[in-house]
Amino acid sequence: MTEVQFILKSYSKTKESGQVTWESPSNIALVKYWGKKKGQIPENTSISFTLSNCKTITTVSFEPKSTNGFEFEVYLDGEKKEDFKPKIETFFKRIEGYVPFLKDFKFKIETKNTFPHSSGIASSASGMSALALCLMSIEQLVSQVEMTDSYFNQKASFLARLGSGSACRSIEGNLVVWGNHHAIPKSSDLFGIKYPLEVHKVFHNYQDTILLVDQGQKQVSSTIGHNLMHGHPFAQDRFKQANANIEKLIPVLSSGDLETFIELMESEALSLHAMMMTSLPYFILMKPHTLAIINKIWAFRKQTGLPVGFTLDAGANVHVLYPEKEKNKILEFIQNELVAFCENEQYICDQIGFGANQIQ
Ligand code: DP6
């Protein structure tokens, strides 16, 4: 599959107006994407659990227009958001060649998240994937070409990637791989695919409790962080490490070996943050409470032998991952020992999910 296959060649302008709605989840990477080449191509393969409860719901209404250029308005929770426009404008510019009807319509984009907007949870993955899916549904309405579900999902992921890399892993569930890897058939740099190899049943309903340590605005955006991997002294070794971790994860995912799973996942999280700390300029996104939580998890695991581990995204929040059958004991531990380190004692209970849904 190459980019050419995603160019919409013919479409009618007879569909004058309409409205589509999609809900799309966030995802949490086990092996992290950190560093990219031109055109949103990842430097290494990444793999993520699609989440279930943390999602964005987006409605796009469209009507014809005769002016040149892009025309759109964005609303979050019913409030007009001028500051969201530049990112969407960049997205539209990047995808225009594949979605040629963008300049024929005026769009109203109305979006809301199921998680608090200021929670520090990456809304770009769920937000950009929801928007890409809405555009695909509009493409379906205006194009005369029959589209298979598999093409629809692939192109939605392809477009979402051009909005935000990790967003391409939010279209489907429950484990998604992005980035070409010799050990994963049909994996691609251009879009995410459902993990095609065997997955042990322990992972089918894996839990992710997200501890909201710091709900403020991040000091350094992911996009800037990715750029700092250019010329980073450890970049090449990091990309090799991530690709090697993908390979190590394959037998772990099929056997359900949770000890190695936790080791790989935690090592990935700390390697990601080590890259941030060794960038120039260097930066630290973890907070004292992030470290306090990590130490508590390690002590609890040592003491009880329960398979609980953590991962981090590009922020201070901690994702606590564990099997469903240990839910009661681990939630009790979270409530008794970890919630005190969360801002306003806030946390979100989530679990592995199955991807986006069309609402309308
Ligand atoms: C640490 O996908 O947010 O969450 O492509 O620049 O939008 P852009 O970056 P983004 O980066 C996500 C980085 C990460 C790791 C991951 O999700 O794999």
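Further up the page is the structure itself.
It should be emphasised that the depicted structure is a prediction, and the values quoted were computed from it without experimental measurement.

J.: Looking at this structure, I do not really get the pattern of salt bridges. What am I missing?
T.: Two side chains with opposite charge may pair up if their charged atoms get near one another. All chains considered together, the criterion is met by eleven salt bridges. Where Lys-80 meets Glu-73, a salt bridge forms, and the shortest distance between an N and an O atom there is 3.6 Å. Glu-73 gets classed as partly exposed once you look at its relative accessible area, which sits at 25%. Here Lys-325 and Glu-326 are joined by a salt bridge, their closest N and O atoms 3.1 Å apart.

J.: Just checking my understanding: could you explain helix α6 (residues 258-277) for this structure?
T.: The periodicity of an α-helix, 3.6 residues per turn, causes residues three or four places apart in sequence to face the same way. Along its 20 residues, α6 runs 28 Å from first to last C-alpha, staying within 8% of the 28 Å computed at 1.5 Å per residue. For α6, the side-chain oxygen to backbone nitrogen distance between the N-cap and Glu-259 is 3.3 Å, and the N-cap itself is Asp-257.

J.: What exactly am I supposed to notice about the site of the ligand here?
T.: Around the ligand, the structure places 16 residues, and the nearest of them are Tyr-33, Lys-36, Ser-164, Gly-165 and Ser-166. Between an oxygen atom of the ligand and a side-chain N or O atom of Ser-164, the distance comes to 2.7 Å. Within the contact set of the ligand, an oxygen atom lies 2.9 Å away from a side-chain nitrogen or oxygen of His-226. Isolated, the ligand exposes 460 Å² of accessible area, and the fraction of that covered by the protein chains is 93%.

J.: What is the right way to read the layout of surface pockets from this model?
T.: Any empty space left between atoms is shown by rolling a water-sized probe over those atoms. Taken as a whole, the second largest pocket holds about 230 Å³ of empty space. The wall of the second largest pocket is formed by eleven residues, among which Ser-150, Gln-154, Phe-191, Gly-192 and Ile-193 lie closest to the centre. Here the residues of the lining of the second largest pocket sort into three nonpolar, five polar and three charged.

J.: How do you make sense of the pairing of strand β13 (residues 347-351) when you look at a structure like this?
T.: Side-chain alternation along β13 places Ile-348 and Asp-350 on a buried face and Tyr-347, Cys-349 and Gln-351 on a face that remains uncovered. Relative to β13, strand β10 (residues 207-211) runs antiparallel, the two being bridged by five bridges. For Asp-208, the partnering residue across the bridge sits in β13 and is Asp-350.

J.: Explain the packing of aromatic side chains here, please?
T.: The relation between two aromatic rings is expressed through the spacing of the ring centres and the mutual angle of the planes. A complete count under the given rule lists 21 aromatic pairs for this structure. Each ring, one from Tyr-206 and one from Phe-261, has its centre 5.5 Å from the other, and the planes form 80°; the classification is edge-to-face. Note that Tyr-206 is positioned in the loop between β9 (192-194) and β10 and Phe-261 in helix α6, a separation of 55 residues in sequence. For the residue pair Tyr-206 and Phe-261, the accessibility class agrees, reading buried in each case. In this structure an aromatic cluster arises from ring pairing among Phe-62, Phe-70, Phe-72, Phe-91, Phe-92, Phe-101, Phe-105 and Phe-107. Directly above the ring of Phe-72 sits Lys-85, whose terminal nitrogen or CZ lies 5.3 Å from the centroid. Over the ring of Tyr-75 we find Lys-108; its NZ or CZ atom is 5.1 Å from the centre of that ring.

J.: I tried to follow the nonpolar core on my own but got confused; where do I start?
T.: Grouped burial of nonpolar side chains is what soluble globular proteins tend to show. Core analysis: the biggest nonpolar cluster contains 75 residues, and Ile-47, Phe-49, Phe-92, Phe-107 and Phe-261 have the highest contact counts within it. At nine residues, the largest contribution of residues to this core is made by helix α2 (residues 123-142). Beyond its immediate stretch of four places on either side in the chain, Phe-107 contacts Val-60, Ser-61, Phe-62, Glu-71, Phe-72, Glu-73, Phe-92, Phe-101, Leu-102, Leu-135 and Ile-138. With 24 residues, the next largest nonpolar core counts Leu-211, Ile-293, Ile-294 and Leu-331 among its residues.

J.: How do you make sense of the pairing of strand β12 (residues 318-322) when you look at a structure like this?
T.: Where a strand is regular, its side chains alternate between the two sheet faces. Summarising burial for β12: five of the five residues are buried, a large majority. The alternating pattern of β12 places Val-318, Val-320 and Tyr-322 and His-319 and Leu-321 on opposite faces, both of which are buried. Where β10 lies against β12, five bridges are found, and the strand directions are antiparallel. By the bridge assignment, Leu-211 is partnered in β12 with Val-318. Pairing of strand β11 (residues 309-312) with β12, which is carried by four bridges, proceeds in the antiparallel orientation. Paired with Leu-312 across the bridge in β12 is Val-318. What sits between β11 and β12 in their antiparallel hairpin is a turn of five residues.

The rules behind each value
- Residues numbered from 1 in each chain as written.
- Predicted model: local features only at pLDDT ≥ 70, side-chain atom pairs only at ≥ 80, totals over all residues.
- Heavy atoms only, no water.
- Salt bridge = Lys/Arg side-chain N within 4 Å of Asp/Glu carboxyl O.
- Buried < 20%, exposed > 50% of the residue type's maximum accessible area, 1.4 Å probe, protein only.
- Helix = DSSP H or I, 4+ residues; strand = E, 2+ residues; numbered from the N terminus.
- Expected span 1.5 Å × (residues − 1).
- Polar contact = N/O pair within 3.5 Å; in protein donor to acceptor, adjacent residues only side chain to side chain.
- Near = heavy atom within 4 Å.
- Areas by Shrake-Rupley, 256 points an atom, 1.4 Å probe, with all protein chains shown as cover.
- 1 Å grid on protein atoms, 1.4 Å probe; cavity = no way out; pocket = protein on both sides within 12 Å on 5 of 7 lines; lining within 4 Å.
- Points joined across faces, edges and corners; volume = space filled by probe spheres on them.
- Nonpolar A, V, L, I, M, F, W, Y, C, P; charged D, E, K, R; others polar.
- Pairing = 2+ DSSP bridges.
- Phe/Tyr/Trp six-rings, centres within 6.5 Å; stacked < 30°, edge-to-face > 60°.
- Lys NZ or Arg CZ within 6 Å of the ring centre and 35° of its normal.
- Core = buried A, V, L, I, M, F, W, Y, C linked by side-chain atoms within 4.5 Å.
- Contact = heavy atoms within 4.5 Å.

In short, the description is geometric, and any link to function would need to be established separately.
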